[in-house]
Amino acid sequence: MGTSISDLTKATGLTKGAIYGNFKNKEDLAVRAFKYNIRSELSELRNAIKNAERSLDKLYAITSFYRGYYDSTKKLGGCPILNIGTDANHTNPILHNMVKVTTNKLEGSIEQIILTGIENHEIKKDIDTKKMARNFYSMIEGCMFMATIHNDRSYLINMMDHIDEIIKTKLAL
């Protein structure tokens, strides 16, 4: 948390009083900013998944969402999960734990979609659902990292195409 209050007042145009009047401290501000960014960025993903009827369509909705994620998060300075997870590691245990909780929820959501697909006879039943969900999410965050480092959205596009191929060849009945 190397950002000073002066940096915050400069960046936001708020006074110190306005910041301390609305937040307990810098950590409270960071936590609330993270929650806000996650809610904002992932609401579109939640809607896309919710609007898809079948489990396979929900998985394709995820890859479709992430194809545009680079452009969506670029104005924020990148993926809030990736940025905060990296920045908070070893420096802010509260924020770091929030990132872990968020990634666990995202992985769990993917796993639940796969489980539902198995129950509905859309997805092969011999799938290790936890492993597949972890792999999918790891591929997503990994290509987001590469896209950010190289300023090249093709990392996301290519990986989403690869995940779609896995869905089609290894998951779908």
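An account of the accompanying structure is given in this report. (Residues numbered from 1 in each chain as written. Predicted model: local features only at pLDDT ≥ 70, side-chain atom pairs only at ≥ 80, totals over all residues. Heavy atoms only, no water.)

A few words on the environment of threonine 102. Within the secondary structure layout, threonine 102 lies in helix H7 (residues 93-119). When its relative accessible area of 13% is taken as the criterion, threonine 102 is described as buried. Once the C-alpha coordinates of threonine 102 and isoleucine 38 are considered, the two residues, 64 residues apart in sequence, prove to be 8.5 Å apart. Once residues within four sequence positions are removed from consideration, threonine 102 is found in contact with Phe34, Ile38 and Ile81. (Helix = DSSP H or I, 4+ residues; strand = E, 2+ residues; numbered from the N terminus. Buried < 20%, exposed > 50% of the residue type's maximum accessible area, 1.4 Å probe, protein only. Contact = heavy atoms within 4.5 Å.)

For the structure on display, the rule yields eight salt bridges. The partner of aspartate 161 in a salt bridge is arginine 67, and the shortest N-O contact between them spans 2.8 Å. Here aspartate 161 is found in helix H9 (residues 154-171), whereas its partner arginine 67 is found in helix H4 (residues 55-67), with 94 residues between them in sequence. Take aspartate 161: its relative accessible area is 39%, and that puts it in the partly exposed class. Salt bridges sharing partners connect three or more residues here, namely Arg54, Asp57 and Glu122. (Salt bridge = Lys/Arg side-chain N within 4 Å of Asp/Glu carboxyl O.)

Structural remark: α-helix, 3.6 residues per turn; residues separated by three or four positions point the same way. Among all positions of helix H6 (residues 80-88), only Pro80, Ile81, Leu82, Gly85 and Ala88 are buried. Buried residues in H6 make contact with helix H3 (26-51), helix H5 (69-74), H7 and helix H8 (129-150). Histidine 90 occupies a position one or two residues after H6 and carries a positive phi of about 70°.

Once that is clear, we can look at the packing of H3 against H7. Relative orientation of the contacting elements H3 and H7 amounts to 15°, with a least axis distance of 10 Å. Classified by the angle their axes make, H3 and H7 are roughly parallel. Handedness of the H3/H7 crossing: right-handed. Contacts between H3 and H7 involve Glu27, Ala30, Val31, Phe34, Lys35, Ile38, Leu42, Leu45 and Ile49 from the first element and Ile94, Leu95, Met98, Val99, Thr102, Leu106 and Ile113 from the second. Grouping the amino acids of the contact of H3 with H7 by side-chain chemistry returns 13 nonpolar, one polar and two charged. (Axes fitted to C-alpha atoms, helices over the stretch in contact; angles between N-to-C directions. Parallel < 35°, antiparallel > 145°, perpendicular 65-115°, else oblique. Left-handed = near helix turned anticlockwise from the far one by under 90°. Nonpolar A, V, L, I, M, F, W, Y, C, P; charged D, E, K, R; others polar.)

Viewed as axis vectors pointing N to C, H3 and H4 meet at an angle of 150°, and their least axial separation amounts to 8 Å. Our classification of the angle between H3 and H4 gives roughly antiparallel. Two packed elements cross with a definite hand, and for H3 against H4 that hand is right-handed. Contact residues: Glu41, Leu42, Glu44, Leu45, Ala48, Ile49 and Lys50 in H3; Lys58, Ala61, Ile62, Phe65 and Tyr66 in H4. Classifying every residue of the contact of H3 with H4 by side-chain character gives eight nonpolar, no polar and four charged.

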